[in-house]
Amino acid sequence: MKSFVSYFLVLVLSFSLALGDSNSSTDKLPKEFRLNGTATQDAFGSSKNKALHSTVRLTRNDKLIAMGAIISPEGHILTKASSCVGAREATLSGGEKFKLRVKKRNEALDLALYQMISDRNDFKPVNWNDSNASKDVSWILSAYTELREIRIGITSGKHREIGREGGVMGVMLGTESKLGIHITEVIPHAAADKAGVQIGDVIQKIDGRSVKKRDQVVSIVGKKDPGDVVMMQAMRNENEKNFRITLGHRSVTFDLFNRNMQMSGPVSKRKDNFPLILQHDLPLPKEAMGGPVFDLNGDCIGINIARVDRVTCYTLPSKIVFPVVKDFLSL
Amino acid sequence: MRLCIISLIISLVTAHADIVSTKSWHKQAPQGIEDLVAIQERLRSLLPQTKAALVSIEAIDGAGSGVIVSEDGLVLTAAHVIGTTGKKMFVRLPDGKRAPAVSLGGSEISDAGMLQITKKKKWPFVQMAASNSAEVGDWCFGLGHPGGFDKKRGIVVRIGKVIANKDETMQTDSRLLGGDSGGPLFDFEGRLIAIHSRVSQLPDQNFHVPIDCFHANWDFFKNQDLITYEKMQAGGFLGVECEYKETGLVVRGVIPDSAAEQAGVQINDILVSINNEQIDSREEFIILISSMTPSALAKIKLVRNGAELSIKVNLGSRPDPK
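Fair warning: this is a prediction, and the values are worked out from it, not measured in the lab.

### Quick notes on the overall build of chain B
1) Next: Tallying secondary structure elements over chain B gives eight helices and 21 strands in all.
2) Next: The dimensions of chain B, computed from C-alpha atoms along their principal axes, are 70 × 65 × 40 Å.
3) Next: Expressed as a percentage of its 322 residues, the buried residues of chain B come to 46%.
4) Next: Put simply, of all contacts in chain B between residues at least 6 apart along the chain, 61% involve residues at least 24 apart.

Given below as C-alpha cells:
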C-alpha cells in the first residue's frame, strides 16, 4: 500500500513534467501575494515599520537565540526568560549591535529584562495597548527573525489560562514488585537517559522515599518542575545505583512520539503554566519567541511566549506583561 | 438638460458599481489598513454560521473534523478520517454534544469522505460552492479542531489564500495540523470550497480536497462506495495520464503497451464519457475505470480535433507499483 502511494506520486510527477510548457493549469500563486507575501506585508504600512523598529534580535556568536521588545528609550529589552539563556548581543533592524546586561527575571511569567549597554536614550520603545486585544479574530503581526520582514496572522481561540504540566524523567514505568517499580522504556536523550538510567532498572527510592507503586513515583515527580532535580535509587543486576536526574519538559520529552510534532518543527521548551494567553497562528520559529506582537495600529498587544506547534503560538497579553514592565523599570 | 441629468445619474450608478465590485478581499493584495480591516470584518461576519456546522469526528482509532452540508446531517470529511464504510462513529458539535453517525463512502485518490449523522434533527449546515468557483489567489479561511476537540480553547480559525488548485488537490497557506483533517475551508462568501486533507513541513504546504471532487462523485460516495488504492490496483486500467480543464478531461500522455495505446487513444484527445457515464473530473474517470474488472470492455466517447469518436477498449491491469 505504501509503495503504491509513492507510485502514485511518481505518476503525478511525470504528469506535471509533461505539462511543463503549458502554463495556465500549473499556476501557483506568486509568493508576494500569499498571506505572508511582501505585497500583503506592505499593506500593514506604519505598523510594519513600528514592529521592525521596536524588536531586537538576541544572539550569541551571531546565532539567534530569541527576540525581544524594546521597552524604554534607554534600551531596556523584555524577552522570554527560558528562551534567552546565553544571549550576549542585541541587534536592531538597522544593523547596530549592542552588548547586553542582564537586569531581572520573572520566572512565573517566563519574562526577563535586559539592557543594551550604550549611552543612547533614543531607542524606540513599543507602545503598549490592550484595548483591542480582547476581540477574537484580529489581524496581528510580529517582526520576522532577520528584522527585514514581518509575519502576519490572526488571533483565534479563547483567551485562557494554560495549566502547569510538571517535570518528567522520560521513562515508562512497568510492573510493580517487592523490589520496586520496573522501568520498561527510557526515552532517548530525555532526562533519565542523560542521567544513565537503563531499561530494566528497578526504582526503589525517589528523593529518599521508598516507592512500591507507580502512582507514588508519578506523584513525587509531578510536583516538581522542569529543571528541578530528583534523586533516584534503583537496583541493576543486584547492584544499587543512584541517579541525579534533572527533570525535562513533558512536551519536548514526548514529542518524539507525536506525529503532529514531527510536522511542526522545533517548539518552545516551556509552553505551559501561564495565567492568560492569546492564541495566534503567526508562522514563527521558536527562536522568534520573546518578541513583541502588534495590532493594526502598530501598538504592542503582548509578548510571544511559546511556539506550541505548526499552527499555534501563545502570546502573553499586555494586560499581564505591562505590570511586570512597570515593576522592572521602576528599579 | 434632462439628458444631462440622466447621464449624470448613469455615471453615478456606474461609479457606485465600481466601488461595490472592488471589495477589499477581491483585490490582488490589500492596499492598506482599510482593506485589512474590511477583510477582518468580513471574516468575522462569516464565522457564526460556518462555525455552527463544524463537527469533531470521534472514531475508536482516531479523531478528525468535518462539516455538515445538509439539514438531515450529511457530513463531508476526509477519507482517511472515516477509514472504511459503514463504520459507527460519533460527531461532536461546537457545544460539546455528541451525536451518532455512520461512515458512507469516499476516495483515497482525493481523500474525500462522507458520513451521515444518524440522529434525526434539523442540523445547522453550510452552503457548498459550485465546481470551478475557487480560484488561485482567493482569500479563504479554515476551521477545525487541531490536535482534537478542546472546549477550553474552542474552534480555531486560520486565514489564508488559495495557492494552487488542480484536479484532486487544493493548496493554501491557511495552515493545518493533525485533528484538522476533514475540516472545512471556506471562501469569503462563506461557501465551502474544500476539505482539509494533509500537510508537508513548510508553512505554505497545506493540502485540501476541492469541493469539485465531492460534486463529481456525489452519488458514488453517498452510496457507501469507498475507492481505495487496493481496489484501484485490482480494477481495470486504461493507461492514460490526464488533466481536467474547462474543455473536459484532456489526455496528456499514453502509457506504452497499455490498453489505451492499443485502442489508439492519442495525446490531446478529450475523454467525454465511459459506458455513457459523463466524466466530470479526473477522479471520477479513475473511479469509473477502476470500478470495472481488468478484462471488461469499456465504451469510451472522446473528442479528437473537434470530432466525436466512439471506441471500444479491452481494459488491462494496473502495472504493479513495485
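And the narrative resumes.
### Description of the overall build of chain A
1) Next: Across its full length, chain A holds eight helices and 21 strands.
2) Next: For chain A, the residues scored as buried account for 44% of the 331 residues in total.
3) Next: At a minimum sequence separation of 6, the contacts of chain A that also span at least 24 residues come to 59%.

### Some remarks on the sheet that holds strand E9 (residues 169-172) of chain B
Residue and element names in this part refer to chain B.
1) Next: If you trace the six strands once around the closed barrel, you get E7-E8-E9-E12-E11-E10, paired in antiparallel fashion. Averaged over all pairs of adjacent strands, the angle between their axes in this sheet comes to 45°, without regard to strand direction.
2) Next: As judged from the six bridges shared by strand E7 (residues 139-144) and strand E8 (residues 156-166), these two strands associate in the antiparallel manner. Its bridge partner being in E8, Cys140 is matched across the sheet by Gly160.
3) Next: Packing of helix H2 (residues 33-52) onto the sheet brings it into contact with E7, E8 and strand E10 (184-187), and relative to E7 it is tilted by some 40°.

### Regarding the interface of chain B and chain A
1) Next: Taken residue by residue, the interface counts 49 residues in chain B and 37 residues in chain A.
2) Next: Counting only elements with at least two residues in the side of chain B that touches chain A, the list comes to H2, E8, helix H6 (229-234), strand E15 (240-245) and strand E16 (248-254) of chain B.
3) Next: The leading source of residues in the side of chain B that touches chain A is E8(B), at 10 residues.
4) Next: Among the residues forming the side of chain B that touches chain A, the class breakdown is 21 nonpolar, 12 polar and 16 charged.

### A word on the pairing of strand E7 (residues 139-143) of chain A
Residues and elements named next belong to chain A.
1) Next: The buried count for E7 comes to five of five residues, which makes it a mostly enclosed element.
2) Next: Here E7 shows two buried faces, one formed by Trp139, Leu141 and Ala143 and the other by Ile140 and Ser142.
3) Next: Across five bridges, the pairing between E7 and strand E8 (residues 150-154) is antiparallel. Bridged to Ala143 within E8 is Ile150.

### Notes on the domain arrangement of chain A
Many structure descriptions define interface size as the accessible area lost when the parts assemble.
1) Next: Domain assignment breaks chain A into domain 1 (39-162 + 273-329) and domain 2 (167-251).
2) Next: Centre-to-centre separation of domain 1 of chain A and domain 2 of chain A, based on C-alpha positions: 38 Å.

### Observations concerning unusual backbone geometry
For residues other than glycine, phi is negative in most cases, and the peptide bonds are mostly trans.
Residues and elements named next belong to chain A.
1) Next: Backbone geometry at Leu147 places phi at a positive 60°, although glycine is not the residue there.
2) Next: Take Leu147: it is sitting in the loop between E7 and E8.
3) Next: Looking at Leu147, the number of C-beta atoms within 10 Å reads 20, which means it is buried.
4) Next: With a phi close to 70°, His189 is a non-glycine residue in the positive phi region.
5) Next: When the 12 C-beta atoms within 10 Å are taken as the criterion, His189 is described as exposed.

### What about the sheet that holds strand E1 (residues 55-60) of chain A?
Residues and elements named next belong to chain A.
1) Next: Judged by pairing direction, the barrel is antiparallel, and its six strands sit side by side in the order E1-E2-E3-E6-E5-E4 before closing back on the first. The mean angle between the axes of side-by-side strands here comes to 45°, regardless of whether they run parallel or antiparallel.
2) Next: Direction of pairing for strand E2 (residues 63-70) relative to strand E3 (residues 76-80): antiparallel, over a ladder of three bridges. The residue of E3 that forms the bridge with Ala69 is Leu78.

### Let's talk about the nonpolar core
1) Next: Ranked by internal contacts, the top residues of the largest apolar core, which has 143 residues, are A:Ile77, B:Val67, B:Val75 and B:Ile193.
2) Next: Ranked by residue count, the leading element in this core is strand E20 (residues 300-309) of chain A, at six residues.
3) Next: The contact partners of B:Ile193, leaving out residues within four places of it in the chain, are B:Ala129, B:Ser133, B:Ala134, B:Cys140, B:Leu185, B:Phe186, B:Asp187 and B:Ile211.
4) Next: Grouped together as the second largest cluster of nonpolar side chains are 20 residues, A:Ile183, A:Ala192, A:Val211 and A:Ala234 included.

### Some remarks on the pairing of E8(A)
Here is the key point about a regular strand: its side chains alternate between the two faces of the sheet.
Residues and elements named next belong to chain A.
1) Next: For E8, the tally of buried residues reaches five of five residues, placing the bulk of the element in the interior.
2) Next: Of the two faces of E8, the one holding Ile150, Ile152 and Ile154 and the one holding Arg151 and Gly153 are both buried throughout.
3) Next: Adjacent in sequence and paired antiparallel, E7 and E8 are bridged by six residues, among which Leu147 carries a positive phi angle near 60°.

### Remarks on the domain arrangement of chain B
1) Next: Taken as a whole, chain B is organised into domain 1 (139-212) and domain 2 (228-317).
2) Next: For domain 1 of chain B and domain 2 of chain B, the distance between their C-alpha centres works out to 31 Å.

### Overview of the confidence of the model for chain A
1) Next: Averaged over all residues, the pLDDT of chain A is 87; the fraction at 70 or higher stands at 88%.
2) Next: Under a pLDDT of 50 for its full length, residues 1-25 of chain A has, in the predicted model, 22 contacts with residues more than four places off or in other chains.

### Some words on the confidence of the model for chain B
Where the model shows low pLDDT, its predicted coordinates should not be examined in detail.
All names here are of chain B.
1) Next: Confidence in the prediction of chain B, expressed as mean pLDDT, is 91, and 93% of residues score 70 or more.
2) Next: Mean pLDDT in chain B bottoms out at helix H1 (residues 2-21), which sits at 49, and peaks at E10, which reaches 98.
3) Next: Segment residues 1-15: pLDDT under 50, and zero contacts once partners within four positions in sequence are set aside and those in other chains are kept.
4) Next: Confidence metrics for the complex model read pTM 0.85 and ipTM 0.86.

### Notes on the environment of A:Trp128
Residues and elements named next belong to chain A.
1) Next: Inspection of the secondary structure puts Trp128 in the loop between strand E6 (111-116) and E7.
2) Next: Under the C-beta neighbour-count criterion, Trp128 is labelled partly exposed, with 18 such atoms within 10 Å.
3) Next: Between the C-alpha atom of Trp128 and that of Ser318, which follows or precedes it by 190 residues, the distance is 6.6 Å.
4) Next: Ignoring anything within four residues of it in the chain, the contact list for Trp128 reads Cys300, Ser318 and Phe322.

### Digging into H2(B)
An α-helical segment advances 3.6 residues per turn. Residues three or four places apart therefore align on the same side.
1) Next: Here H2(B) contains 20 residues, and its C-alpha end-to-end distance of 30 Å stays within 8% of the 28 Å for a straight helix at 1.5 Å per residue.
2) Next: Taken as a whole, H2(B) carries its principal kink of about 35° at B:Leu46; the proline B:Pro48 stands between one and four residues after it.
3) Next: Summarising the contacts, the buried residues of H2(B) are in contact with E7 of chain A together with E7, E8 and E10 of chain B.

### So, the environment of A:Leu78
Residue and element names in this part refer to chain A.
1) Next: Tracing the chain through its elements places Leu78 in strand E3.
2) Next: Exposure remark for Leu78: the 30 C-beta atoms within 10 Å place this residue in the buried category.
3) Next: Placed 23 residues apart in sequence, Leu78 and Thr55 show a C-alpha to C-alpha distance of 9.7 Å.
4) Next: If we ignore the near neighbours within four places in the chain, the residues touching Leu78 are Gly68, Ala69, Ile71, Leu111, Leu113, Ile303 and Val325.

What counts, and at which threshold
- Residues numbered from 1 in each chain as written.
- Chains lettered and ligands numbered in written order.
- Predicted model: local features only at pLDDT ≥ 70, side-chain atom pairs only at ≥ 80, totals over all residues.
- Helix = DSSP H or I, 4+ residues; strand = E, 2+ residues; numbered from the N terminus.
- Buried ≥ 20, exposed ≤ 12 C-beta atoms within 10 Å, placed from the backbone.
- Contact = placed C-beta atoms within 7 Å.
- Pairing = 2+ DSSP bridges.
- Axes fitted to C-alpha atoms, helices over the stretch in contact; angles between N-to-C directions.
- Nonpolar A, V, L, I, M, F, W, Y, C, P; charged D, E, K, R; others polar.
- Domains from an automatic or database assignment.
- Core = buried A, V, L, I, M, F, W, Y, C linked by C-beta atoms within 7 Å.
- pLDDT = per-residue confidence, 0-100.
- Expected span 1.5 Å × (residues − 1).
- Bend = angle between axes of the 7 residues up to and from the residue.

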